[in-house]
Every structure is written in structure tokens, then in C-alpha cells.
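What the coordinates show
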Amino acid sequence: MDSNNNNNNNNNNEDSDNFDDFNSSLSSNYSSDERFQHDYSPPSPPPPPPRPPTVSCEGDLDGVGTLDTTCQIVSDLNLTDSVYIRGTGNFYILPNVKINCSYNPGCQIAINITGNFSLGQNSTIIASAFDLYAFNATLGSGSLINTTGLAGDPPSQTSGSPRGLDGSGGGYGGRGASCLFNDSKLPEDVWGGDTYSWSTLDKPSSYGSKGGSTSKEVDYGGGGGGWVRIEVPGYLLVNGSIFADGGEGGNKGGGGSGGSVHLKAYRMSGGGKVSACGGNGFGGGGGGRVSVDVFSWHDEPQILSHGGSSYGCSDNAGGAGTLYDAVPRSLIISNHNRSTDSYTILMEFPNQPLWTNVYVRNQAKASVPLFWSRVQVQGQIKLEAGGELSFGLAHLASSEFELLAEELLMSDSVIKVYGALRMSVKMFLMWNSQLLVDGGGDVATSLLEASNLLVLRESSSIRSNANLGVHGQGLLNLTGPGDVIEAQRLVLSLFYGIHIGPGSILRGPLESADKLNMSARLYCDRRDCPGELLHPPEDCNVNSSLSFTLQICRVEDVIVEGLVTGSVVHFHRARTIDVLPSGVITASGLGCIGGIGKGEVLSNGLSGGGGHGGSGGTGCYNGTCAEGVIGSVEHPLSSLSVEGSVRVDGESYQDGRKAYAIFRNQSGGLGGGSGGTVLLFLTTLMVGDSASLSSFGGNGGPLGGGGGAGGRVHFHWSNIPTGDLYQPIASVKGSILARGGLGGAQGGAGENGTVTGKSCPKGLYGTFCKECPSGTYKNVVGSDESLCKSCPSLELPHRAAYIIVRGGVTEAPCPYKCISDRYHMPHCYTALEELIYTFGGPWLFCLLLLGLLILLALVLSVARMRFVGADELPGPAPTQHGSQIDHSFPFLESLNEVLETNRAEESQSHVHRMYFMGPNTFSEPWHLPHSPPEQLKDIVYEGAFNRFIDEVNLLATYQWWEGSVCSILSVLAYPLAWSWLQWRRRMKLQRLREFVRSEYDHACLRSCRSRALYEGIKVAATPDLMLAYVDFFLGGDEKRSDLPPRLHERFPLGVLFGGDGSYMAPLTLHSDNILTSLMSQSVPPTTWYRLVAGVNAHLRLARRGYLRKSFRHVLRWLESHANPALRNCGLRVDLACFQVTAFGYHQYGLSVYAVDRNIEPSSPAECRNGRVLADQPSSGFNRGNSSDVQWEEPLLDQFDIKGESFSRQKRPYGTILDIGNIQSLEERRDFFFPFSLILHNTKPVGHQDLVGLVISIVLLGDFSLVLLTLLQLYSVSMVDVFLVLFILPLGILLPFPAGINALFSHGPRRSAGLARLYALWNITSVVNVAVAFICGYVHFKSQASRNKTSPYLQPWGMDESEWWIFPAGLLFCKCLQSRLINWHVANLEIQDRSLYSTDLDVFWQS
């Protein structure tokens, strides 16, 4: 281990007190260093005589070999005189060999060789002095170099050996202990032998001193320790022991002092022991001196230099010796935890170079006794484990001392100063330690400077009975209970921050000071305030001429959690002061005794209270009032925060009864002291809830003593901001009181004191310069509240109230503001009211709005006509008679498309059509039944067909997430859910078509040609995407004459309706090319087209949930219009119910069959173009009773609806519906059924342009009402606006863009689809309107209750009882729009109103 780290391995105590220092040397190698040439010590003794000639190895030492090669000592050797051994070889003392030179006192053994030295295991060298120089040296295990008690004569003119017969210990590095008790002296003033040779402690070479004796006849004192010097340029191994201890004195003699040990090497290791301790005795000997000059240490040998134990006084061991580590230049004084009153004397410290560290440890006591001494080191001064450092003499406290270091660290230790101390360190840390300054007489002020950090912990204290200044530039921290800094006059200055922790104390003057001298002279007889309080000196020096007893000067931040107490407490040039809940600043009972406010004393001993802020009560002896000053006129405090207490209370009778003994017989009549003065120069103040700032008068005695008057509290605000720059300068939640004290018995109470502040500027009033209350103004300077005058009576607008203007109102008229930000100055109108009254009031606004809507609607209509084009807006004029093109149904393909199709070719190859079951929803997708029908068994393979059905059904099934998205959209915005459903339906149909057209290999078909060409199967669907079907065709290579079947062979033929009867998907009969081609075998195409158009016109009026009623009209129309025309063709159609799914979904359609199965249907030419002959017999067909029709038994299928059995014959697909069984239909009504009362398909009304114009007007009106409603709700709460907008999300705004999009779309089919979507958005927004109703009602009720206390509050843009007008108008617009959209859609979809004609001829002739 390096010697730099050896500091922490030697725990030694220090204790020295000596005024002399002597140098001595026993060899020429031990000359004094120049840096000690200024030591105060006697002249050095003359140099020692030259060394004797060297001895030989074999002749004189009985060894083996020579000193110039290798000399080995193999046997014990007794020497009678000093020897000098010199050579150029090695010198080895073999194990278990003993060399003894103890017979002659002062016998020395000197070895000077250029080789290696070795002291073998268990070998011993005994001599008074041992001096070794070798290149390397080894002290084996168990080996010993022992000079204990064998010292020669110490240096002359020293007092190391005690005089007298008290058995005291000898002194050297530390004083010897003395067990002589003397009541007239302090314990530290009594010692044995004194210290000496301070100047050679880095190279000690002196003998220890002999201990004293208790007998004249016999010298019982122990001998002093010898000296050992080992100098090794190379490696020193110490596994043995080196002793230079003082000799044992026993119970009758004092112990000798330790000797000297000097070790010098480049590198040292080993776990041996080095000791220069004092000897035990009646009085223990002082420790010796050890010096280690080793560049590199690799082990930790034990090094001791403590004093010896005292048998006569066990608690007073000898003083600690010294250990000097030369490489780091550190002095270590350790007494090995032996308590002592004997000091280790520290003489003058070196200047060039300075020592680095000084350690006082383990019960050691060190003293700096010289006058005007300076203790200066480059590094640390560290006291720990009971160490003590004292400056000066207790009985002569009249000197000044300096202490300079980088760090002063104290732990369980004490520093005593007798006189004054000027300390300058960067860091001062105290742990359960004390720094005590005894100023004695007229001594200068002590100054403690810790530039970076000063911390007291664990009941540490700094005390001075004189003036004390503590300076720094960093932090002063008293951390907790027991931490104290106190002085008769205390100044803390220049710190960046001061923290007085809980339970810690700053005090000035001392608590233990005499009552008459405890306070400084406070000008008690002056009536005016001393100028030094208002204008204190700029410097922060301790000035005895000032009245301050505790001053905190030029400190940025002060945090008080403990106690700050003094007679005159002054905070000067501080920035912020925070008094936390546990903190107290007090000057209570520490002020004047008497003075001009002293109470009167009556002849009977009763006395009145002291007066100050008010008159004292009848009967007080005197008043004790104190002062607390914070800040100054030139440098006010930036911020004072009080959560604890600030007190300058007068002393009560109970507090002072022992101090005032002059009225012992009448002490119960003593009066209370008056409260003191709190003078605050502040910028801002904060007083917490539980905080208090008091200047109470003291209570009088119980026998009639008068109470003291309250004191004075004055706030001198440095800068009171005004106008827009105003900020509250005080926040007072606690108490600020100056109450008078209570009188005893019949004694009068003292008057209350005063709490005042600087005069406030205009607009502000009171002690704390607050803004005048709302509705008042102040145009003069002063603090009285009465100066705030009431504002002139002005008629306030509704929803307005007077306000407090920043900085107060300085002139009339007084400002006001609206009660909410929703209202606008100057009339406090809502945004809606401002809009209405800007245009002249409600009625004129309504007329202007209506005119604007009509004008905008006309502009929209003109723009719509120009954008869409006249050709896109056909009128309802009927088609001319004889035309081959039917314009009555826009969803059917045009005649041009029909004519371009070769119907004969398609009908010749078409075999059968299979309809998908289910409505194609996410919960019930399309699916085909398994097993091929009878019509397909001849053209498909059954197994392959079933696999084909499985694949198709799998493709037709939706994914779970598609239904989830639809469910979410249904809750948020139902029109989006419908659009999502239609999009997914289109994707599903497209996927099925791609699969059948290109992916499927048509393996189920028997036709090789169809399989090779991927033909023979086609998938199609109705435009509403709710009904799909699969058509099967011949491949052309079947070579069967019976295929495909003719129309009459397919009877009965079921044709299913698309849609489900809802508003968005009305029931429709879809007639494509295949169906038209098949029917053209018996019915002319024009007749069939007209029939399909009529059926669709009546089917669109059928509403889901009303099918029983609406199907009656379809049945009547079939009997009155359709079947009479088809009778000539030998056909009949009936309404039927097909394919009920597992979920109960019914598919409706027409059942087409021949009137008589024995008669083939007529050819199209025989049908006479669909004209009905009134006189032609019905061929057995009864229009009113369809049960007369004959059916083939194999085609019948029994099918029940709601458990009822029909008497009529049924087809395999379903059941024929008639007037008799229509009531048995099951009506399925869902959550949206109530909306069908508003949204439903109607008959066309014509006047398409007029309907479009009215829709434009209502659409614009709807949007205007939406904006007005939102504006009305905005004046109430923004939350209501968000609720209306987002329940459902933006549903109230989207009808307008949806309506514009529908009106400006091209083509009847697209326009009708977008109009239906527009209607859906419109009816969905009714939910938002309902939310607006609810919000309005809730706020109407809440405002009605609030207006009972504030009748002028009117939060609405109209009378409160008319809050419903806009929502109700909006609901009316929604209903009106729905009706108009129904007509608009009907006009677009049914452009031929003759489809609803009751006249049969008119219908068929159109």
C-alpha cells in the first residue's frame, strides 16, 4: 500500500502542550531540515563524536564470512558497548539469534552496509539505539528490534522528565500524565513531562524521557524509549516488530515516554508492528515520535504512538505521540481510544512547504498554545472519535489564532479557542461536534469563513461568548435537532443559502447570558427609530457599536425550520426568507428593561404594564420589548414566506418572576412587558394558514399587575406595482396580531398595538395594498378602506357584473364584464343574439333569413338544371301509344339492350335457375341448397355438384371483422353502415362471379365442351344485391332433344323478388334477358315489360312490418290488371312465399303457371299484344278464387306460415298467398321500424322541379337551423356543442352535403340512390336533435334554479321558456324533408304515373 494511503491506517490520538522545542541527533545523518529553522527552540547541541572503527564479522561478532561479502550471525551475541558495523556485502542474523546490548545504557548498534540486511525469524536485537542502512532489509516473522525503556539521556535543556514525587509520566511526543489533583487548576493545566523535539518530528532521533517516581530513595520511574532508524533505498519487509516504547513504572513510578522510530524506504510491506508508545505507570508516559518516509506501501503494518495507561488515574492516560507520514506530509495524532487530559503540543507549523493534512483521532488532545499562532495546511484538518484541538490557554484568553485549510472535518470531536479565531476553509463539516470560542476579555471578533459549505449535523454546535462572524459563499446548513450557532453578537453573511433545520437554533445573544447584559444597548430612551435600523451599513462586518444582536446579511435565500432568536434580529440584503411550519423567528422577552415605556410602580408594589404600540395596563413593573428588522429601505427583502411564527412578544409575569426579585413580597403584582417591533422592508409577503406574526404584550401578575401593551408591526413595501403591472404583494392566511396583554385580578389589560403598512397608491387600500372591492374605486393615496368609494349607480347590462381591475379602479365609471366568456361586450349578448340584433331583431331576422333561403334555393335549382341537364330530368309524361320502349321503370334494361341480345339463343341453352337463399347480410349470407334439383340431374354430376355448392357457400360467407365494422358503424353512423354493407355485397358478388367464370373448372357439368370452355354456369344478382341466382346452360354436345325444356315444361315457374321491403331496398321483380326470353315464348315482350313495371310500381309501396296490409294492394292489382291480360296467353301469376331460411327470412315472388295443364299456352301472336278481350271466356279460371286451378300432385308441397295450413295447392318452392291467408304472414319488425313511419316509398306526385326547389329551400333552412342551434348551445356550454355534434358523430351536419350531392347527381337511378342515402342521413340526425332537446332542457332547469338567487342572469339568446324553438323547428324540418325526399325518389323511380291507374285499359294502353 502506498504511503499516500497510509493516513487512514494509523488511528492515533494527539495531546501536547509545550512552549519549547529542542533538536538533538545521535548521528550525522540526522540534521535538522531548513524548513524548521524558525522553530522556537533552544540552540542545537554540539555534533556527536565520530563513530568508532568498524568491527569484523568473525573476530568481533563471532559470525561466518566477511562484511564485504556476506556475514552471518549464527549464535547469540552479548555486547557491552556500542558497535559500528560497516561493509560492502550482506549482513544476515540467522533465526533464533539474540544480540543484546542492554547492559550499558545508551548502547547503540549501527549497521551500514551496501548489500542486504536480514533479521531472521524469532531473532532479537536489544539496544538503546539501532541505526541501519542497507539496500534491502528484511525483518522476519517473530523478529524484534527492541529499545523499550533503554533510552539514553534526552536532549539537554528539555523538560521531558517530570520533577517531584507525584509519579508522573515522562514526556516526548505527548505530555506525560499527572495524577496530581489540584482544584485551583484545570485538568489540562496539570501534566508530567513536557514535549520536545518538535522541529525533528519528520526525522525523530531523540530518546524518550524517564518517568517520575513517588519515592526519593528509589527511582521507580520507567525508562524512556530508545530510538530506531532504518534507511533502505530499496525494499523493506517488516514482518517483525520494532519497539521504542517507554518503560513500565508500576504503581509507584511514572511510565517513560516513547522513543523515536524513523523508517525510510522506497517500498515497504509486511504485517509487523511499529510502536513508540508511552509506558504504563502511576502516571502514563507520553507517546513518542514516529516518522515514515516510504514511497510505496503494500501492506498495513500497525504503527502506534499513544500514551501509556495511568494506574493512579485511569481516565488520564499519557498524551498521544506523533506519527508523521513524510510522502503526503501528513501529521497523525492518535491516542488509541485512551482518554486523557494530557495534550500533544503543536508548535509553529511549517510554511515552505505546507503540510497537507493534520489528523487528531481516538481521544487524542492537541493544543496550539503559542500566542498569535497560525495553523495552515494544504488539505484537511480532521478531528474524529473524541479528538480535541485547542488554541491558547484557558486562563489567558487574550490572543488571536488563525486556521487555514481546504477542509475542516469534525466528527465526535471538539475545538476550543481561548481568545479569537480567524478561520478560513472551503468546507467545514461537523458531526456531533463542538466549536467553543471563549473570548475572555477585550478580544477581537472571531471570524469563521467556509467559502463552499458549512454543515452541522447530529447536535453539533458553534458557540462564542463574544462576537462571532460566520461567512461563506455557499450553503450554511443546520440540519436538525441540537445543531446550534450562538454568540453574544452573531453575524451570518455572504452565503448563497442558509437552512435552519427543524430543532436547530441560531441565537444572539447567548441564552445563558446575564439578564442585564443579555441585550445590547437598544436606545430604550429614544422615541424615534434609530437610523441604523432604516439604513444599516452596506458591509456585513461585525460591528459592536450597532444594536443588532443577530444579523443575517447578504444572503440569497434563508429557510427557517428551527429557531432564530435574538434581541434585535436583522435580515439585511436577503432575497427570500421562508419560515416553514416548524420555524420560529422570535425576539420575545429579549428587549429593553425599562425605558420611556416603563410602567408606573405604586407604593404598594403594584405596577403597570409597559407601553409601546399602545398604553400599558394599570399596574406594570416594566416592559421588555424587542425588535425584529427584516430588510432596509435601500435593500428590501424580495420575498418573505411565513408558515411558522415570527414573535416579538413582551415578557409575562410568569416568565420574569425569578429575574425581578426586587418586589419579592409583591411579585404577584408585577406588570407585563410590552410587545416589541417588527419592521419589515419587503417586496412580497406570504403568511400560511397556521402561521403567526405577533407582537403581544405580556400578561400581568395575578395580584393586580397590569398587562403590557401590544407592540408595533409595520410593513414598508418597497415597490407597490400599479395598473397593469399590479401583482398582489401579500397573501395572508394566518394571523398578524399586536394584542395587549391581560391584567391580573383588577389590573387593567394593555392596549392593542398597531399593524400598519406603507400608504397605498390609487386603486389600492389596506395594510397589504389590495385592490378595492368590485363596485368601488379609489382616486387618492392612502390605506384606509373608507377611501374606496362606491361606483356611480349605472344600469348594468343583463349578464354583467362589476369586476376587480388589475391594480384597482382609480376613476369612475367602474368597469364590468359579462358573467361568462360566451357573452360579448358591451351588451353581454350571446353570439346568436348579436347576430339577431345586428339584423334588426327577431322578426326582421326571420324574414331576412327566409328570403335568403328562397333566393339561395332558386340559385341552387338553376345551377342544378344547368349542371344535370334537362335530358337528365325527364318529366312524368306517359309513353306514346304503340312505342316499343317502356320508360316507366328505370331499373329494367332499356329496349336497346334487350334488342341487342339474342333471346332465342339464350333460351335455347338455358336449363335451370337456382336462387340463393338468405338476404346477403353479415349474419345471414347467401347460400345454396345441396343436392341438385330434378331439372339439373341430367346435366351435372351429383358429387361434383355438391362440392361446387360447398365452395360457393364458403365464398359467400363474410369474415367476422366485416360484420364487426358494420356493427360499429351502425352505432356511430347508420348510413355509413349501409354503405359498408352494399360495398361488401358488391365485393362478394364480384368474387363469386370471378370464381365461377375463371377459377372453377366446371367439373360438375357433364358437358365436355362446357368444362373445356369454362361455360355453362353463370352467377348474377339483382341491383339491390340482396337476391342472387345461378343459371345453368347446355354445352351443346349433350345431343338430347328434350333439353332445354320449353316454358310450359318449366311450369310452375317461380320468379323471386329482390329487396326486403325496407326503404333502402324495396321489393322489386327483376326481369333479365333470360327470363324475358323464356316468357317471350308465351307472352309478348312489351306485355311482359308492362307487367313487370306495374308489379314493381306496387311492390315498392310494400313496407317491411306492414306486409299484411301492403300485399293486399299487390294481390288486388294482380287480379285486376295482371291476370286478365295474361289470360289470353294461357298464363296466370300469383304472389307466393318461397324458401324460408333457418333464421326465418322469407323470400317472396311470383308463381307463373299455365291456366290449364291440358292446354298449352298460346303463342305470343295469339295474345293480341296483351289486349284483354272482355267477352273471352276465362277457360275455367276464376279471378276471385285461385283454388280452382288444377295442379299436378307431385308438384304440391305443404308449407305452413305460423303453424296454419293452406287449403290451396302449393308449388315445391313455396306457398301461394291470397286474401285469405295473407293475415298469417309473420311481420318482422326491428329497431329501425319506427323510422319507417317517416321514411317510406310513396306514389309519385309529379312536379319534379317544384319538389326539388322546395327540397332546396328546406335543406338550406335545415342547415341554417343547425347552425343557429349550435350557436345557441355554444352560449350555454361548449360541452353541449360537442354532445350534439358527436352523438352521433357529425350526424347533424352531414345531411346537408348528402342532400346537395343527391340534387346534383346525374341519372335517375343514381339520383334516386343518393336521395335515399340523403334521407337516411336526415332521419339519423334526429338523434342529434334529441340530444339538443335534452341539453337545452337540462340547462333550462339548472338556470331556472340559479336565477332565483341571481335574477339578472339570462344565459339564453331568447326568453328562457323558449329554449325549445330552434330544436323543435329543426325536428319539423327533418320530418318535412323526409316527406319531400319520399316524393322526390318516387318521381325519379316512377316516371309513368299511369302504372297506378285503376283503369285496366289505361294501364295497358300506356
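Up top is the structure.
Residues numbered from 1 in each chain as written. Predicted model: local features only at pLDDT ≥ 70, side-chain atom pairs only at ≥ 80, totals over all residues. Heavy atoms only, no water.

Some remarks on the pairing of strand β11 (residues 136-139)
Burial of the side chains of β11 is restricted to one face: A137 and L139 are buried, whereas none of N136 and T138 on the reverse face is. By the bridge criterion, four bridges tie strand β8 (residues 116-119) to β11 in an arrangement that is parallel. Directly across from F117, in β11, lies its bridge partner A137. Here β11 runs beside strand β13 (residues 227-238); their pairing, made up of three bridges, is parallel. Paired with T138 across the bridge in β13 is L237. (Buried < 20%, exposed > 50% of the residue type's maximum accessible area, 1.4 Å probe, protein only. Helix = DSSP H or I, 4+ residues; strand = E, 2+ residues; numbered from the N terminus. Pairing = 2+ DSSP bridges.)

Section: the pattern of salt bridges
Working definition: two side chains of opposite charge can pair if their charged atoms are close together. Tallying each qualifying case throughout the model produces 29 salt bridges. When the shortest N-O distance is used, the salt bridge between K365 and E388 registers 3.8 Å. You can see K365 sitting in strand β23 (residues 365-368) and its partner E388 sitting in strand β26 (residues 388-391), a full 23 residues away along the chain. Here R984 makes a salt bridge to E962, at a shortest N to O gap of 2.6 Å. Placement of R984 in helix α9 (residues 974-999) and of E962 in helix α8 (residues 960-972) is noted, with a sequence separation of 22 residues between them. Both residues of the pair, R984 and E962, belong to the buried class. Three or more residues are tied together by salt bridges with common partners; here these are D341, K365, E388 and K416. (Salt bridge = Lys/Arg side-chain N within 4 Å of Asp/Glu carboxyl O.)

Let's talk about the state of the cysteines
For the coordinates displayed, the defined rule picks out seven disulfides. Paired through a disulfide, C101 and C107 show a sulfur-sulfur distance of 1.3 Å. The sign of the S-S torsion, about 65 degrees, decides the handedness of the disulfide formed by C101 and C107: right-handed. Exposure class is identical for C101 and C107. Each is buried. The residue that forms a disulfide with C818 is C828, at a sulfur-sulfur distance of 2.2 Å. In this structure the cystine formed by C818 and C828 twists about its S-S bond by roughly -100 degrees; its chirality is therefore left-handed. Of this pair, C818 sits in strand β57 (residues 816-818) while C828 sits in the loop between β57 and α3 (831-838), and the two are 10 residues apart along the sequence. Assigned by exposure class, C818 and C828 land together as buried. (Disulfide = S-S within 2.5 Å.)

Thoughts on the nonpolar core
One recurring pattern in soluble globular proteins is that nonpolar side chains are buried together. Grouped together as the largest cluster of nonpolar side chains are 92 residues, with contacts concentrated most on L408, F428, I462, L506, F715 and W717. For this core, the element with the most residues is strand β29 (residues 414-431), which contributes seven residues. Residues in contact with F715, not counting those within four places in the same chain, are L680, L682, L685, L693, I736, V755, T756, G757, K758, T767 and F768. One finds W978, L1259, L1317 and I1323 within the second-largest nonpolar core, a separate group that totals 58 residues. (Core = buried A, V, L, I, M, F, W, Y, C linked by side-chain atoms within 4.5 Å. Contact = heavy atoms within 4.5 Å.)

Points about the packing of aromatic side chains
Using the criterion set out here, one finds 26 aromatic pairs in the structure. Between the aromatic rings of F839 and F845, the centroid separation amounts to 6.3 Å while the plane-to-plane angle is 45 degrees, which identifies the pairing as tilted. By relative accessible area, F839 is classed as partly exposed at 41%. We classify F845 as buried; its relative accessible area is 11%. A network of ring pairs unites the aromatic residues W198, Y324, F349 and W355 as a single cluster. Note that R1103 overlies the ring of Y1106, its terminal NZ or CZ placed 4.6 Å from the centroid. Above the face of the Y1063 ring, R1316 is positioned so that its terminal group lies 5.1 Å from the ring centre. (Phe/Tyr/Trp six-rings, centres within 6.5 Å; stacked < 30°, edge-to-face > 60°. Lys NZ or Arg CZ within 6 Å of the ring centre and 35° of its normal.)

Focus: the sheet that holds strand β59 (residues 1017-1021)
Strands sit in the order β58-β60-β59 across an open sheet of three strands; the sheet is antiparallel. The sheet terminates laterally at β58 (910-915) and β59, the two strands that pair on one side only. Each strand axis lies, on average, 25 degrees off the axis of its neighbour in the sheet, ignoring direction. Direction of pairing for β58 relative to strand β60 (residues 1028-1033): antiparallel, over a ladder of five bridges. (Axes fitted to C-alpha atoms, helices over the stretch in contact; angles between N-to-C directions.)

A closer look at the sheet that holds strand β16 (residues 273-275)
Hydrogen bonding along the main chain pairs the strands of a sheet, whether they run parallel or antiparallel. If you trace the seven strands from one edge of the open sheet to the other, you get β3-β6-β9-β12-β14-β16-β18, paired in parallel fashion. Strand pairing shows two members of the sheet lacking a second neighbour, β3 (77-78) and β18 (302-304), which therefore form its edges. In terms of strand pairing, β16 meets β18 through three bridges, oriented parallel. Considered in β18, the bridge of K273 is made with Q302.

What about the packing of helix α15 (residues 1248-1274) against helix α17 (residues 1295-1303)?
For the pair α15 and α17, the least separation of the axes is 10 Å and the interaxial angle reads 160 degrees. One element, α15, and the other, α17, form an angle in the roughly antiparallel class. For the crossing formed where α15 meets α17, the hand is left-handed. Only P1295, F1296, G1299, I1300 and L1303 of α17 make contact with α15, whose side of the interface consists of I1255, S1256, L1259, L1260 and F1263. (Parallel < 35°, antiparallel > 145°, perpendicular 65-115°, else oblique. Left-handed = near helix turned anticlockwise from the far one by under 90°.)

Notes on the pairing of strand β34 (residues 484-493)
A large share of β34 lies buried, amounting to nine of its 10 residues. Alignment of strand β32 (residues 461-471) against β34, held across nine bridges, turns out to be parallel. When the sheet's bridge partners are listed, I462 is paired in β34 with I485. Direction of pairing for β34 relative to strand β36 (residues 505-508): parallel, over a ladder of three bridges. Bridge pairing in β36 places E486 opposite R507.

Remarks on the environment of N477
Position of N477 among the secondary structure elements: in strand β33 (residues 475-478). For N477, a relative accessible area of 15% puts it in the buried group. Apart from the residues lying within four places of it in its own chain, the contact partners of N477 are L454, V455, L456 and H499. There is a polar contact of 2.9 Å between the side chain of N477 and the side chain of H499. (Polar contact = N/O pair within 3.5 Å; in protein donor to acceptor, adjacent residues only side chain to side chain.)

What about the environment of T1068?
Mapping T1068 onto the fold places it in strand β62 (residues 1068-1069). Linking T1068 and N1096, residues 28 residues apart in sequence, is a C-alpha distance of 5.2 Å. Aside from chain neighbours lying at most four places away, what touches T1068 is D1024, L1056, F1057, G1058, N1096 and L1099.

Re the packing of α17 against helix α18 (residues 1308-1324)
In the contact formed by α17 and α18, the axes pass within 8 Å of each other and the chain directions differ by 165 degrees. Judged on the interaxial angle alone, α18 and α17 are roughly antiparallel. Crossing of α17 over α18 shows left-handed handedness. Facing α17, whose interface residues are P1295, A1298, G1299, N1301 and A1302, α18 presents S1311, L1314, A1315, Y1318, W1321 and N1322. Its residues placed into classes, the contact of α17 with α18 shows seven nonpolar, four polar and no charged. (Nonpolar A, V, L, I, M, F, W, Y, C, P; charged D, E, K, R; others polar.)

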